[in-house]
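# Observations on the three-dimensional arrangement
Spelled out from the first residue to the last, the chains are:
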Amino acid sequence: MNQAAISAKGLCRSFAGKEVLRDCTLSVPRGCVYGLLGRNGAGKTTLLKLLAGLLRPTAGTAGVLGLDSIRDREAVLRRVGCLIETPVFYEHLSAEENLRLHLACMGMEERDPGPELALVGLPAPGEGPVSAFSLGMRQRLAVARAILHRPEVLLLDEPMNGLDPVGMRELGAQLRRLSEERGVTVLLSSHLLSELARTAHRVGVLEGGRIVRETDTAGLSAGGLEEYFLSALKGGISDGNG
Amino acid sequence: MGMGKLIALELRRIRLRPYHLAAGACGAAMLAFLYLMAAIPRMDPADGGAALLASYDFLLGLTQLVFLAVFTVFAGVMSARFVVEGYSGTQALLLFSYPVSRRKVLLVKLAVALLYPAAAMFLWGTAAQGVFFLTEALLPLCPDTLTAGTVLWSLCSLLCRSLLAGLLGLMAAGLGLWRRSIPTAIISALLLSCLACQGLSALLPFRPAMGLALIAGAVPAAWALRYMIRQVDEMEV
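Residues numbered from 1 in each chain as written. Chains lettered and ligands numbered in written order. Predicted model: local features only at pLDDT ≥ 70, side-chain atom pairs only at ≥ 80, totals over all residues. Heavy atoms only, no water.

Residues and elements named next belong to chain A. Its identity is not glycine, yet E85 carries a phi of approximately 60°, on the positive side. Residue position: E85 is located in the loop between strand 6 (80-83) and helix 3 (95-105). You will see that E158, though not glycine, has its phi angle at about 45°, which is positive. Within the secondary structure layout, E158 lies in the loop between strand 7 (153-157) and helix 6 (165-182). (Helix = DSSP H or I, 4+ residues; strand = E, 2+ residues; numbered from the N terminus.)

As a further point, take the interface of chain B and chain A. Each partner contributes residues to the interface: chain B has 23 residues there, and chain A has 26 residues. Summed over both sides, the interface of chain B with chain A buries roughly 2400 Å², with 56% coming from carbon and sulfur. The salt bridge partner of R13(A) is E236(B), with a shortest N-O separation of 2.7 Å. The interface formed by chain B and chain A includes 13 residue pairs in polar contact (both at pLDDT 80 or more). Of all the secondary-structure elements, those providing two or more residues to the side of chain B that touches chain A are helix 1 (3-13), helix 4 (90-95) and helix 8 (209-234) of chain B. If one sorts the elements of the side of chain B that touches chain A by residue count, helix 4 of chain B sits on top with five residues. Here the side of chain B that touches chain A is composed, by residue class, of eleven nonpolar, four polar and eight charged. (Contact = heavy atoms within 4.5 Å. Buried area = accessible area lost by both parts, 1.4 Å probe. Salt bridge = Lys/Arg side-chain N within 4 Å of Asp/Glu carboxyl O. Polar contact = N/O pair within 3.5 Å; in protein donor to acceptor, adjacent residues only side chain to side chain. Nonpolar A, V, L, I, M, F, W, Y, C, P; charged D, E, K, R; others polar.)

With that settled, the discussion passes to the pattern of salt bridges. All told, the structure shown has 22 salt bridges over all chains when counted by the stated rule. Across the pair K109(B) and E10(B) runs a salt bridge, and its minimum N-O distance is 3.0 Å. Separated by 99 residues along the polypeptide, K109(B) in helix 5 (residues 102-138) and E10(B) in helix 1 bring together distant segments of the chain. Residue K109(B) is classed as buried on the basis of its relative accessible area of 6%. As a salt-bridge pair, E85(B) and R81(B) come within 3.2 Å of each other at their nearest N and O atoms. Using a relative accessible area of 28% as the deciding quantity, one classes E85(B) as partly exposed. Taking the relative accessible area as the measure of exposure, R81(B) reaches 40% and is therefore partly exposed. One salt-bridge network, in which partners are shared between bridges, spans R30(A), R79(A) and E152(A). (Buried < 20%, exposed > 50% of the residue type's maximum accessible area, 1.4 Å probe, protein only.)

Another aspect to go through is the state of the cysteines. Summed over the entire model, instances satisfying the criterion amount to zero disulfides over all chains. Here C24(A) is not disulfide-linked; the sulfur of C12(A) is the nearest cysteine sulfur, at 8.8 Å. The closest cysteine sulfur to the non-disulfide-bonded C142(B) is located on C156(B), 20 Å from its own sulfur. For C142(B), a relative accessible area of 3% corresponds to the buried category. (Disulfide = S-S within 2.5 Å.)

A word on the environment of L6(B). Residues and elements named next belong to chain B. For L6, the location among the structural elements is in helix 1. Judged by relative accessible area, which is 7%, L6 ranks as buried. Put simply, L6 and A25 are 19 residues apart on the chain and 29 Å apart in space, counted from C-alpha to C-alpha. If sequence neighbours within four positions are ignored, L6 has contacts with M1, V100, K104 and V108.

Take the packing of aromatic side chains next. A complete count under the given rule lists ten aromatic pairs over all chains for this structure. Aromatic pair F71(B) and F74(B): ring centres 5.1 Å apart, planes at 25°, arrangement stacked. Taken together, the residues F71(B) and F74(B), both in helix 3 (residues 56-84) and three residues apart, mark about one turn of the helix. Of the residues examined, F71(B) reaches a relative accessible area of 0% and is grouped as buried. F74(B) gets classed as buried once you look at its relative accessible area, which sits at 9%. Taking 5.8 Å as the distance between ring centres and 40° as the angle between the ring planes, the aromatic pair formed by Y87(B) and F96(B) counts as tilted. Linked through ring pairs, Y19(B), F67(B), F71(B), F74(B), F82(B) and Y116(B) together constitute an aromatic cluster. Sitting above the plane of the F15(A) ring, R13(A) keeps its charged end 4.5 Å from the centroid. A cation sits over an aromatic face here: R179(B) above W178(B), 5.3 Å from the ring centre. (Phe/Tyr/Trp six-rings, centres within 6.5 Å; stacked < 30°, edge-to-face > 60°. Lys NZ or Arg CZ within 6 Å of the ring centre and 35° of its normal.)

Here the focus is the nonpolar core. Counting 142 residues, the largest nonpolar core has L187(A) and Y87(B) as its most contacted members. If near-sequence neighbours (up to four positions away) are discounted, Y87(B) is found in contact with A92(B), L95(B), F96(B), R102(B), V105(B), L106(B), K109(B), L177(B), R180(B), V232(B) and M235(B). By size, the runner-up hydrophobic cluster in this structure holds ten residues, among which are M37(B), L53(B), Y56(B) and F133(B). (Core = buried A, V, L, I, M, F, W, Y, C linked by side-chain atoms within 4.5 Å.)

Structure follows, in structure tokens:
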């Protein structure tokens, strides 16, 4: 975990004159599961979009695996798996067809999406269209799509939304396994502190447009993380390790 | 990724079946319209205006203009569905999350949304005219003489009008993307088709008007294409 897989330096982004991110700096080492905490509207989704090259920064740089998210956008997208905002699919296609299409777009037609479907708890989603899926099934399918092309980095925006408690636990364990076994770096935003405490190696609190506190989660309970989060919102910037 | 592969992928993403059916229905309607127009001088020989329909040139020109209006709206609907909707809201997030050139993806979408109606108009138009010419050769409704030149000219003008439908659809797509609005694209297509048909109907007996209309349509269509490429390149989601 010594080389930064995800980095943001002095990142700023405004929308209609309102500054959402202000001098935001973040460094996530390779193989780390990093949890992003913050209030609603703190800029978590904006940060993830900037890292994926879907938005342009007003100032500063965002990079993934040493590549610039804007300049090297296509190279970044090839090595990153994203789940940002509400998952979008081709509604008239089945789950498997959606995944096969994703593989084709990634230039990996030969890969079988079956293992990933099983991995996220959708072993037999059937031939029916995705439009008939529940919110939880859509979320699982979106996670399957994000990990399908074996990305080195995962950018996940509230991936546990709509999942039942078992699903949340399984997804958390899965992300941890991906990081430990394949060295995948994961940046995920979530409001589910108990799951974050279990899943993430490290968490950062985004407040006032920048990361104000970061800490390792080792030995931190859900209650402890909640306290840490609330004190970070009140207290502002402190040192890098809690 | 090559354009051929991108087109194949785009065709997997979309459902063309409803458009195949709609194009077929338009072809059948065109055939029925042709026979109806051809029969008018027989039904009401006293009507001086109906005498115009006694000429193949006029009869086919008029029918093709109606076909142009229908397929321009068809192109507007397809571009609204595949281009404007594709780049609006959350759909764009999906499109932009693939490591493929944005410009290429847009060109592929436009190719499908605009070449399809142009090709459908030409093919169904050729089929409808083919059936009409065949029955005219056996049991003529129109008093005019059917010659090889008439058939050839009808095909040539149908091809020009099919391309014009695609160009007008491209302009409608540009307007729709500008407003990020599906109704804008469809209503623009409707208005553009009215405008084009109005202008071309006045010039119906003047054969070179078709080529000139094609050239005149190509200029704003090229501008619309340039605008859309720039929009998509700079688009944020």
